[in-house]
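# Tertiary structure, described
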Amino acid sequence: MTGSRTRYRTRSEFGMQIGMVGLGRMGSGMKARLLAHGHDVLGYDPNPDVSDTASLAELVERLAAPRLVWVMVPAGEVTHRSIRALAGLLAPGDLVIDGGNSRHDVDDEHAEILAAEGVGFVDCGVSGGIWGRENGYGLMAGGADEHVARAMPVFDALRPAGERAEGFVHAGPVGAGHYAKMVHNGIEYGLMQAYAEGYELLGADERIHDVPGVLKAWTHGTVVRSWLLDLLVRALEADPQLDEIAGRVDDSGEGRWTVEAAVERAVPAPVITAALFARFASRQDDAPAMKAVAALRNQFGGHAVTRAGGSDS
């Protein structure tokens, strides 16, 4: 627990005060969007060039109670360490939101760790990638009603403009938010794979003289139009043959978890499963379709791609 606290700013000067742990691609964009909506955001990141505070303890020290802390760090051990550290620093009545891509079955453990100190917990799946700062983020929250309600001004600032239900959902109790986001990402795998295979199939017929043009013609009026298709067109406009990208596609875990969840629940998921295995296959060859998937991941999420020749970018 911290001792006496210095008040650097008061709540009356801003919408809400939020501590943001993790200022990478997503965290920094979310911080900027919250600031633009009139909230006071203090961030902590191990990179001193982007951090507002020198330590996690200083971040907590500078937040006025009751505190709201948003954790936006890589899933797994980094998130677990962050939750444990916050449990030792925060006070009863504070609230922690895990907005990373944590596996849904660890959320109960994190909630229990924090609850032992009187601290609330919400898991929130976040979609929108590097474009969310401008366009807003799709949010899927899990947790108690009172905790979600308390954080609603934050969710409303982060989600896209318009009707709340079209960009935010309180999906259920703790774990529901990350489970919903896991399924979302599994669907994303399937959609990306379908567009990528279509791209390769178009290029396999010599009568198609303008593959990027065909895809662009699909972006309005057709039943397959979507933001992902728009991003594929954008990638092809920058590199029509995708010559600068190797057809290697990594997976960050959610697709595997979705397939595992489908097996555990006896739910047929052949498209998502095939898309996951296609990513595994991409690490053995350099198919045009997998170049397209790699380009899409880079477009929406800023994920690193392997450049032709083997270097990462």
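Preceding this section is the structure that the text describes.
Our subject in this report is the structure included herewith. (Residues numbered from 1 in each chain as written. Predicted model: local features only at pLDDT ≥ 70, side-chain atom pairs only at ≥ 80, totals over all residues. Heavy atoms only, no water.)

### Some thoughts on the environment of leucine 139
Mapped onto the elements of the fold, leucine 139 is located in strand S6 (residues 138–142). Taking the C-alpha atoms as reference points, leucine 139 and histidine 104, separated by 35 residues in sequence, lie 15 Å from one another. Not counting the four nearest positions on each side in its chain, leucine 139 is found in contact with Cys124, Gly125, Val126, Phe155, Leu158, Arg159, Gly167, Phe168 and Val169. (Helix = DSSP H or I, 4+ residues; strand = E, 2+ residues; numbered from the N terminus. Contact = heavy atoms within 4.5 Å.)

### Considering the nonpolar core
Within the largest apolar cluster, 27 residues are counted, with the highest numbers of intra-cluster contacts made by Tyr199, Leu215, Leu232 and Leu242. Listing elements by their share of this core, those giving two or more residues are helix H8 (176–203), helix H9 (211–217), helix H10 (227–238) and helix H13 (288–301). With 8 residues, H13 is the single largest residue contributor to this core. Those residues in contact with tyrosine 199, other than ones at most four positions away along the chain, are Val211, Leu215, Leu236, Pro240, Gln241, Leu242, Pro288 and Ala292. Counting 26 residues, the second largest nonpolar core, distinct from the first, contains Leu95, Val148, Met152 and Leu158. (Core = buried A, V, L, I, M, F, W, Y, C linked by side-chain atoms within 4.5 Å. Buried < 20%, exposed > 50% of the residue type's maximum accessible area, 1.4 Å probe, protein only.)

### Brief notes about the packing of aromatic side chains
Evaluated as defined, the whole model comprises 4 aromatic pairs. Between tryptophan 131 and tryptophan 227 the ring centres are 6.5 Å apart and the planes differ by 90 degrees, which places this aromatic pair in the edge-to-face class. Here tryptophan 227 lies in helix H10 and tryptophan 131 lies in the loop between strand S5 (120–127) and helix H5 (132–135), a separation of 96 residues in the sequence. Each member of the aromatic cluster is reached from another via a ring pair, and the members are Trp70, Phe155 and Phe168. Here the basic side chain of arginine 279 rests over the ring of tyrosine 189, its NZ or CZ set 3.6 Å away from the ring centre. (Phe/Tyr/Trp six-rings, centres within 6.5 Å; stacked < 30°, edge-to-face > 60°. Lys NZ or Arg CZ within 6 Å of the ring centre and 35° of its normal.)

### Description of the sheet that holds S6
The strand order S2-S1-S3-S4-S5-S6-S7 describes an open sheet built from 7 strands, whose pairing is mixed. Only two strands of the sheet have a single neighbouring strand rather than two, namely strand S2 (40–44) and strand S7 (168–172). Here the strands of the sheet are splayed against their neighbours by 25 degrees on average, with no regard to which way each runs. In terms of strand pairing, S5 meets S6 through 5 bridges, oriented antiparallel. Within the sheet, the bridge partner assigned to glycine 125 lies in S6 and is methionine 140. In the packing of helix H3 (residues 77–87) onto the sheet, the strands contacted are strand S3 (68–71), strand S4 (95–98) and S5, and the crossing angle to S3 comes to about 165 degrees. Sitting on the sheet, helix H4 (residues 107–115) touches S4 and S5, and the angle it makes with S5 is about 145 degrees. (Pairing = 2+ DSSP bridges. Axes fitted to C-alpha atoms, helices over the stretch in contact; angles between N-to-C directions.)

### Remarks on unusual backbone geometry
Note: most peptide bonds trans; most residues except glycine with negative phi. Cis rather than trans, the peptide bond between alanine 65 and proline 66 has omega equal to -5 degrees. For leucine 242, which is not a glycine, the phi torsion comes out positive at approximately 55 degrees. Tracing the backbone through its elements, the reader meets leucine 242 in the loop between H10 and helix H11 (254–264). Backbone geometry at alanine 266 places phi at a positive 55 degrees, although glycine is not the residue there.

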